[in-house]
Amino acid sequence: MGFLRQGKAAAGQAAGSARRDPVIDIARFFCLTLVVLSHCMMVSPVLHADGTVTQENTLMEQRWFEPVLWALQVMPLFFVLGGITGLESWRRLRARGGTGVDYAQLRLLRLIRPATALLAVMFPGLFAAQLLGVHPQVVQLMATGAGMPLWFLAAYLAAQLSVPLLARLHEHAPWLTLAVLVAAVIAVDSLRGAFPLIASLNMVFVWCAVQQFGFFIADGFLAGRSSGWLVGLVAGSNLLLGLITGAGVYSGNMIVNLNPPNLCMLLLGLSQAATLQLLRPGVAWLARVRWVMWMVAAAGRRSMTIYLWHLPLLVAMTGLLLLSDFPKPAAGTAAWWWARPLVLLAVVVLLLPVLLLCGRLEERPTAAVHARGRAPAAVVTAGVVVFIPMLDAALNGLNVALLGGGAACFMLAVLLLGRVVEPSQPSPSRPETEAGQGRALPLPEAGLRANVES
């Protein structure tokens, strides 16, 4: 278990190691770019002669797209990357005297503040559209555009909040922890036919298991493997994926396997974790290109804002175009495909003012001050308040009423969480000391973005 000893040594040195890994930043940028591009090629609202509006997923209707999805379904990679950064951030925070409550406070604020702005803008906007007589189906289409990013936020936040517990289990029994999560995934998949509602549990089990792959990468387990070993892992996981989909146990469509997630996402996550390590030297070389890193850094500082806002803006733009005389080529036609670069450009242009106005919400979390002694209860309450509308949206879809309720819940959660306290003197709530000097360790420095990176 040499890699485990290596991981414990890394945890012991966490306080002095705050450098960002450009490979992780580039991988996250790649995932975000691919998601935006794919959504621009998927969303296709249709206005019918009777005035009704439906939404077609154009790519899903292309026979060639199903096998391509094996390579382009990068949602598992988001959770692998989250496992790497989450474990490293937790170890740094713990080495400085932070607790699981402090970690949860940081993660909640980092992720829900951008979402609060989205809901706070969309609710009055769509409510006003209803009052102005915009077709209810168009309004619902726009609301759905906010619901899709929220399911990811709910799953990602649940996985990230579990990091302190899963990190402790990983340090003591890494393989057993992973085995239990995999067994839970298979058990839920086996029972989902008889009990459909139980499938939602894999929103936790699958993504926490995939996140554990990031833990293994952070501990250096894959770094010590040869290229042949990594290629074998990629080939083996994809072969198993092909067997279970080819036998009809699971769908061969990775969009179908995504919501709710199942064993297929776990195997894709394993393949993508190995691929990330396999491509690390090439990506590290790319990180030395100045303009590439400038672009990655610019997007990385506003990644959650881009993710949350791009689809609502895309859906709103295409939905409103239905009500105009603007040319509307039929989905899947040559004219429709030629229009995709213009759609992407329009989304980028629409994102720019949003990033200027709301992007700062992703910076170091600060909010209303609360008493430090109330932090555990406040953080737990905030977590519950946040998950209620997100789970409702993930299971039942988002509508205008839920947008309003969600905005209120998120605002309340931000107020409950308060700000990240930066004590100038020893805090009685921190019993840990530095080198026996009797000084309590502070929370991470204000400017250390790696500690709040998602």
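None of the values given here were measured: they were computed from a predicted structure. (Residues numbered from 1 in each chain as written. Predicted model: local features only at pLDDT ≥ 70, side-chain atom pairs only at ≥ 80, totals over all residues. Heavy atoms only, no water.)

Draft legend 1. Structural context of the overall build of the protein chain. Regarding its fold elements, the protein chain presents 18 helices and two strands. When the 454 residues of the protein chain are sorted by exposure, 50% land in the buried category. Accessible surface, the protein chain: about 20,500 Å² in total, of which carbon and sulfur atoms supply 69%. (Helix = DSSP H or I, 4+ residues; strand = E, 2+ residues; numbered from the N terminus. Buried < 20%, exposed > 50% of the residue type's maximum accessible area, 1.4 Å probe, protein only. Areas by Shrake-Rupley, 256 points an atom, 1.4 Å probe, with all protein chains shown as cover.)

Draft legend 2. Molecular detail of unusual backbone geometry. Note the cis peptide between asparagine 259 and proline 260, where omega equals -5 degrees. One can find proline 260 in the loop between α10 (227-246) and α11 (263-278).

Draft legend 3. Representation of a nonpolar patch on the surface. Together, Leu239, Leu240 and Leu243 make up a nonpolar patch on the protein surface, roughly 300 Å² of accessible area in all. Checked against the element boundaries, leucine 239 lands in helix α10. (Patch = residues over 30% accessible without salt bridge, like charges linked within 9 Å, V, L, I, M, F, W, Y side chains within 5 Å. Salt bridge = Lys/Arg side-chain N within 4 Å of Asp/Glu carboxyl O.)

Draft legend 4. Representation of the nonpolar core in the model. Ranked by internal contacts, the top residues of the largest apolar core, which has 126 residues, are Met75, Phe79, Trp207 and Leu276. With sequence-adjacent residues up to four places away left out, tryptophan 207 is seen in contact with Met75, Pro76, Phe79, Trp151, Ala155, Ala159, Asn202, Leu258, Pro261 and Met265. (Core = buried A, V, L, I, M, F, W, Y, C linked by side-chain atoms within 4.5 Å. Contact = heavy atoms within 4.5 Å.)

Draft legend 5. The arrangement of helix α7 (residues 163-172) in detail. Looking at α7, one finds that the buried residues are Val163, Pro164, Leu166, Ala167, His170 and Glu171. Taken end-on, α7 shows its buried residues confined to a sector of 165 degrees, consistent with a single buried face. Within α7, the exposed residues directed more than 90 degrees away from the buried face are Leu165, Arg168 and His172. (Arc of directions from axis to C-beta.)

Draft legend 6. Layout of the packing of helix α4 (residues 75-95) against α7. It is at 10 Å that the axes of α4 and α7 come closest, and there the two elements cross at 90 degrees. With respect to α7, the axis of α4 lies roughly perpendicular. Between α4, through Gly86, Leu87, Trp90, Arg91 and Arg94, and α7, the contact on the second element is made entirely by Val163, Pro164, Ala167, His170 and Glu171. In terms of residue class, the contact of α4 with α7 is made up of five nonpolar, two polar and three charged. (Axes fitted to C-alpha atoms, helices over the stretch in contact; angles between N-to-C directions. Parallel < 35°, antiparallel > 145°, perpendicular 65-115°, else oblique. Nonpolar A, V, L, I, M, F, W, Y, C, P; charged D, E, K, R; others polar.)

Draft legend 7. Local environment of the side chain of arginine 302. Residue position: arginine 302 is located in the loop between α13 (290-300) and α14 (303-321). For arginine 302, the residues in contact, after removing those within four places along its chain, are Leu355, Gly359, Arg360, Glu362 and Glu363.

Draft legend 8. Quick look at the pattern of salt bridges. Evaluated as defined, the whole model comprises seven salt bridges. Among the salt bridges present, the one from aspartate 25 reaches arginine 28, with a minimum N-O distance of 3.8 Å. Placement of the pair is aspartate 25 and arginine 28 together in helix α2 (residues 22-42), with a separation of three residues, close to one helical turn. Residue classification places arginine 28 among the buried residues on the basis of a relative accessible area of 9%. The salt bridge involving arginine 94 is made with glutamate 171; its shortest N-O contact spans 3.0 Å. Residue arginine 94 is located in helix α4, and its partner glutamate 171 is located in helix α7; the two are separated by 77 residues in the primary sequence.

Draft legend 9. Spatial organisation of the packing of α10 against α11. α11 packs onto α10 with a crossing angle of 160 degrees between their chain directions and a minimal axis gap of 9 Å. In terms of orientation, α10 lies roughly antiparallel with respect to α11. By crossing handedness, the relation of α10 to α11 is classed as left-handed. Here Ser227, Leu230, Val231, Leu233, Val234, Ser237, Asn238, Leu240, Leu241, Ile244 and Thr245 of α10 lie close against α11, whose contacting residues are Leu263, Cys264, Leu267, Leu268, Leu270, Ser271, Ala274, Thr275, Gln277 and Leu278. For the contact of α10 with α11, the per-class residue count stands at 14 nonpolar, seven polar and no charged. (Left-handed = near helix turned anticlockwise from the far one by under 90°.)

Draft legend 10. Region of interest: helix α16 (residues 340-358). Here α16 is 19 residues long and its end C-alpha atoms lie 26 Å apart, about the 27 Å a rise of 1.5 Å per residue gives. All of the buried residues in α16 are Arg340, Val343, Val347, Leu351, Val354, Leu355 and Cys358. (Expected span 1.5 Å × (residues − 1).)

Draft legend 11. Main features of the environment of asparagine 202. Tracing the chain through its elements places asparagine 202 in helix α9 (residues 202-218). In this structure asparagine 202 comes out as buried when scored by relative accessible area, which is 0%. Sequence separation between asparagine 202 and asparagine 262 is 60 residues; the distance between their C-alpha atoms is 6.5 Å. Those residues in contact with asparagine 202 that lie beyond four places of it in its chain are Ala184, Val185, Val188, Asp189, Trp207, Pro261 and Asn262. Within the local environment of asparagine 202, its side chain forms a polar contact with the backbone oxygen of valine 185, the two atoms lying 3.4 Å apart. (Polar contact = N/O pair within 3.5 Å; in protein donor to acceptor, adjacent residues only side chain to side chain.)

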